[in-house]
Amino acid sequence: MSTAKLNVDGQEYELPVVVGSEGEVGVDISRFRAASKAVTLDPGFGNTGSGQSAITFIDGEKGILRYRGYPIEQLAQNARFVDVCYLLIYGELPNKDELDKFRQELTYHTLIHEDMKKFFEGYPPTAHPMAILSSMVASLATYYPELSEDENDLNIVRLLAKAKTIAAYAYKKSIGQPFMYPSNDLSYCSNFLHMMFAVPTEEYVVSDVMEDALNTLLILHADHEQNCSTLTVRTVGSSQANLFASLAAGICALWGPLHGGANQKVLEMLEMIRQDGGDYKKYVDMAKDKNSDFRLMGFGHRVYKNFDPRATILRNTVDKVLAQMGTNDPLLDIAKHLEQVALSDEYFVERKLYPNVDFYSGILYRAMGIPTNMFTVMFALGRLPGWIAHWKEQRDNPAGRINRPRQIYTGPTERNFVPLEQR
Ligand code: CMC
């Protein structure tokens with residue numbers, strides 16, 4: 001086994017080196033503090049491997065993303081989202097019997113308990129659907145308490161099946177329309193679109209274009225290894241909190257504009273540029289100005305330093321879907337200009353800031369008639385299997401420990417309490 005050497009104040013420490021199946025090298029510092037009394041410091045965890053995982057591989061320098069070894073391009077082109085859920089959670093693509101059973105279970109569990117519908121009455125119509133989704137997912141734990149380890153699969157299925165019903169109901173609540181019950185003869189994606197867009201007074205047929213676009217979007221979002229929300233799920237899960245509590249925490253983490261919330265912000269930014277006369281160069285300059293805190297939303301990524309393969313797939317999908325739907329979106333023109341500038345401007349080139357998945361997903365959701373404040377909910381629905389797979393991987397690891405990092409304290413040293421009258 002190879003080792004690495006670290007010298008602290010003249011004392012040398014030898015540390016084991018771990019090599020992953022794709023040749024990634026990690027220096028194992030888990031016993032370093034016990035030997036040296038020093039911790040390693042890595043704010044933002046940019047250089048920290050939080051553990052070993054067999055779920056997703058990313059090579060950010062080469063623009064590679066694979067789920068359980070399968071390239072994202074192949075999955076996006078050939079698979080259905082339900083196959084990908086099974087693959088991520090159970091490690092292998094399902095055979096026909098396994099897939100039929102999984103599909104049947106996901107359909108059977110789509111309804112939410114009638115009492116849970118009453119919860120929606122308490123939210124204001126302006127409530128952000130991410131707040132509703134996270135609290136409703138946590139509330140599932142009140143109806144479906146943690147099962148034995150063997151039975152956890154049932155709650156996994158329940159979560160995957162019911163989250164889309166909750167998401168669609170949150171939208172219906174916001175526009176004051178009656179909830180549409182799921183329909184058992186529809187596929188996973190079609191069922192969601194039916195619950196979103198059908199009304200009791202008219203027939204609604206889900207178009208193949210919409211179903212395929214949603215399928216692609218969900219697959220592209222399905223996992224992304226140790227990002228902010230997945231790390232949150234793993235951290236909450238590391239205390240052995242139940243599946244619903246752990247996933248609700250992940251949904252909250254995803255909401256932020258630097259993470260999944262970016263897709264909403266991209267659209268708001270494009271709309272702002274359009275309303276401002278379309279002068280995108282002004283916004284590029286603002287993003288480069290260190291005195292301004294404006295960033296080009298949808299650009300840059302902690303891991304991808306070449307291109308985001310998900311963005312490449314989506315860019316092509318957007319063109320295809322808009323052409324099929326006959327939509328001509330002025331925001332897409334602004335987006336393409338921004339992309340060109342960013343790919344040629346020294347500031348972006350030097351910092352390797354390429355369009356990320358959120359840059360195009362918003363345009364696609366918009367073309368599908370999904371409102372802006374639902375974009376991050378769509379990301380969350382896609383990310384469910386990834387979060388579940390990580391929660392399960394950690395839970396099933398007998399050597400797993402609670403996540404509990406150290407710190408370097410920079411506050412006051414010891415001082416005596418001063419009574420109020422002497423302060
Ligand atoms: N616009 C302008 N400058 C940027 C941008 C941007 N979008 N992103 C990074 N930079 C600059 C940043 O100012 C810094 O410059 P300097 O070296 O001169 O100080 C440099 O690039 C490195 O940035 P960083 O903040 O250290 O990079 P990070 O790895 O901590 O952050 C990021 C990654 C995605 C949070 C960031 O690029 C960003 O804020 N992007 C916009 C938000 C966004 O699109 N988020 C979605 C990410 S993809 C979906 C997901 O997986 O969550």
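Residues numbered from 1 in each chain as written. Predicted model: local features only at pLDDT ≥ 70, side-chain atom pairs only at ≥ 80, totals over all residues. Heavy atoms only, no water.

As for the overall build of the chain
We count it as follows: Secondary structure elements follow DSSP: runs of H or I no shorter than four residues count as helices, runs of E no shorter than two count as strands, and numbering proceeds from the N terminus. Here the radius of gyration uses the C-alpha set of atoms, whereas the globule reference equals 2.2 Å times the residue count to the power 0.38. For the exposure calls, accessible area comes from a 1.4 Å probe over protein chains only, and a residue counts as buried if that area is under 20% of its type's maximum, exposed if over 50%, partly exposed in between. We call two residues contacting when some pair of their heavy atoms lies within 4.5 Å. For the accessible areas, the method is Shrake-Rupley and the probe is 1.4 Å, while residue cover comes only from the protein chains on display.
A tally of regular secondary structure across the chain gives 18 helices and six strands. What you see for the chain is a C-alpha radius of gyration of 23 Å, in line with the 22 Å of a compact globule of 423 residues. Expressed along its principal axes, the backbone C-alpha trace of the chain runs to roughly 75 × 65 × 55 Å. Sorting the 423 residues of the chain into buried and exposed places 47% on the buried side. The long-range fraction of contacts in the chain, counting pairs at least 24 apart against all pairs at least 6 apart in sequence, stands at 69%. Here the chain displays about 21700 Å² of accessible surface, and carbon together with sulfur accounts for 50% of that area.

Points about the pairing of strand E4 (residues 56-59)
Rule in force here: By definition, two strands form a pair when at least two bridges between them are found by DSSP.
The side-chain alternation of E4 yields two buried faces, one formed by Thr 56 and Ile 58 and the other by Phe 57 and Asp 59. Inspection of the sheet shows E4 paired to strand E5 (residues 64-67) by four bridges, in the antiparallel sense. Of the residues in E5, the one forming a bridge with Ile 58 is Leu 65. Between E4 and E5, which pair antiparallel one after the other, the connecting turn spans four residues, and Gly 63 there sits at a positive phi close to 70°.

Quick notes on the sheet that holds strand E3 (residues 25-27)
Convention followed: Axis angles are defined between N-to-C directions and span 0 to 180 degrees, where every axis is a line fitted to C-alpha atoms and, for a helix, only to the segment in contact.
With antiparallel pairing, three strands are arranged side by side in an open sheet as E1-E2-E3. With one partner strand each, in any of the chains shown, strand E1 (3-8) and E3 form the two edges of the open sheet. Averaged over all adjacent pairs, the angle separating strand axes in this sheet is 30°, with direction ignored. Strand direction decides the pairing type here: E1 and strand E2 (residues 11-19), joined by six bridges, are antiparallel. Note that in E2 the partner of Asn 7 across the bridge is Glu 12.

Section: the pairing of E2
Counting the residues in the hairpin turn of E1 and E2 gives two residues, including Asp 9, whose phi is positive at 50°. Note that E2 and E3 share three bridges and pair antiparallel. Each bridged residue has a counterpart across the sheet, and for Val 18 the counterpart in E3 is Gly 26.

Topic: the domain arrangement of the chain
We count it as follows: Residue ranges assigned to each domain were obtained from an automatic or database domain assignment. Computed with a 1.4 Å rolling probe, the buried area is the accessible surface lost when two parts are put together, summed over both parts. For salt bridges, the criterion is a side-chain nitrogen of Lys or Arg within 4 Å of an Asp or Glu carboxyl oxygen. For this analysis, a polar contact is any N or O atom pair within 3.5 Å, provided that within protein one partner can donate a hydrogen and the other can accept it, and provided that sequence-adjacent residues contribute only side-chain to side-chain pairs. Asp, Glu, Lys and Arg are counted as charged, while Ala, Val, Leu, Ile, Met, Phe, Trp, Tyr, Cys and Pro are counted as nonpolar; the rest, among them Gly, fall into the polar class.
For the chain, the domain assignment lists domain 1 (3-59) and domain 2 (80-398). The junction of domain 1 with domain 2 conceals about 950 Å² of combined surface from both sides, 61% of it contributed by carbon and sulfur atoms. In this structure, the connection of domain 1 to domain 2 is made through zero salt bridges. Summed over the shared surface of domain 1 and domain 2, the number is five residue pairs in polar contact (both at pLDDT 80 or more). Considered class by class, the residues forming the side of domain 1 that touches domain 2 number four nonpolar, six polar and no charged.

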